[in-house]
Amino acid sequence: AQKVTQAQTEISVVEKEDVTLDCVYETRDTTYYLFWYKQPPSGELVFLIRRNSFDEQNEISGRYSWNFQKSTSSFNFTITASQVVDSAVYFCALSVTNSGGYQKVTFGTGTKLQVIP
Amino acid sequence: DTEVTQTPKHLVMGMTNKKSLKCEQHMGHRAMYWYKQKAKKPPELMFVYSYEKLSINESVPSRFSPECPNSSLLNLHLHALQPEDSALYLCASSQDRDTNQPQHFGDGTRLSIL
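Okay, so let's go over this structure.

### Quick word on the overall build of chain B
Here's step 1: When its secondary structure is counted, chain B shows zero helices and eleven strands.
Here's step 2: Each helix (α) and strand (β) of chain B, taken in turn from the N terminus, gives the series β-β-β-β-β-β-β-β-β-β-β.
Here's step 3: Here chain B has a C-alpha radius of gyration of 13 Å; the compact-globule value for 114 residues is 13 Å, and the two agree.
Here's step 4: Taking the principal axes of its C-alpha atoms as reference, chain B extends roughly 40 × 25 × 20 Å.
Here's step 5: The burial tally for chain B puts 48% of its 114 residues in the buried class.
Here's step 6: Carbon and sulfur atoms make up 47% of the accessible area of chain B, which amounts to about 5,500 Å² in all.

### Digging into the sheet that holds strand 7 (residues 64-70) of chain B
Residue and element names in this part refer to chain B.
Here's step 1: On the basis of which strands lie adjacent, the open sheet formed by four strands has the order 1-3-8-7 and antiparallel pairing. In this open sheet, the two edge strands, each paired with only one partner strand, are strand 1 (4-7) and strand 7. Each strand axis lies, on average, 20° off the axis of its neighbour in the sheet, ignoring direction.
Here's step 2: When strand 3 (residues 18-25) meets strand 8 (residues 73-79), the two strands line up antiparallel, connected through seven bridges. Across the sheet, Cys23 pairs through a bridge with Leu74, a residue of strand 8.

### Topic: empty space enclosed by the protein
Residue and element names in this part refer to chain B.
Here's step 1: The final tally for this structure, using the stated rule, is one cavity of 30 Å³ or more.
Here's step 2: Taken as a whole, the largest cavity holds about 40 Å³ of empty space.
Here's step 3: His29, Arg30, Ala31, Met32, Tyr49, Tyr51, Glu52, Cys68 and Ser71 are the residues that line the largest cavity.
Here's step 4: Of the residues in the lining of the largest cavity, the class split is five nonpolar, two polar and two charged.

About the criteria used
- Residues numbered from 1 in each chain as written.
- Chains lettered and ligands numbered in written order.
- Predicted model: local features only at pLDDT ≥ 70, side-chain atom pairs only at ≥ 80, totals over all residues.
- Heavy atoms only, no water.
- Helix = DSSP H or I, 4+ residues; strand = E, 2+ residues; numbered from the N terminus.
- Rg over C-alpha atoms; globule rule 2.2 N^0.38 Å.
- Buried < 20%, exposed > 50% of the residue type's maximum accessible area, 1.4 Å probe, protein only.
- Areas by Shrake-Rupley, 256 points an atom, 1.4 Å probe, with all protein chains shown as cover.
- Pairing = 2+ DSSP bridges.
- Axes fitted to C-alpha atoms, helices over the stretch in contact; angles between N-to-C directions.
- 1 Å grid on protein atoms, 1.4 Å probe; cavity = no way out; pocket = protein on both sides within 12 Å on 5 of 7 lines; lining within 4 Å.
- Points joined across faces, edges and corners; volume = space filled by probe spheres on them.
- Nonpolar A, V, L, I, M, F, W, Y, C, P; charged D, E, K, R; others polar.

Okay, structure coming up:
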């Protein structure tokens, strides 16, 4: 069975501070994909990044960066110089292929980020 | 604007009503999904359609009935719902059923059952 743990339920930071959202996953599959999604109050889940289990390179996209470490089963997300528009709930997700050949996505419980002006 | 469009955005209905939620995507995606999300919880998968055929039903009660009229549309028919069915219902699509394809979500329908 797959499991995704986001231990931080809520985080508040002051604008321009850096913040790291933690994600720890569990799976016995050797091939899997990890995702981060952002859910603003409007409801839509916005896809941020996808990483496969064979690619441990860290990635940077503007103010966002991701640190994937298989040794610790972690896929952490850092926002540099946070802005009010970053306020949202962030979900980490793990995707594997089930016995029927279909994508099975397991979401973490989410971290609510509040950026205070 | 999202690439997955859901209507209506809000719906209030009584337990004896029949209503439908609609989802549309024009990205050429062949897999479509319905999720249910309660407040402060992650999305929970309900149904998966692949190439317009129902692939996965996560033991969802029969008062929820999905339909995929064509490759761009996905409906969720509601009948005799219970108050605990009040939630945000999210539709998503992906290029196909493979694990390396991110799912694209709509804004959701906020459903309230009186």
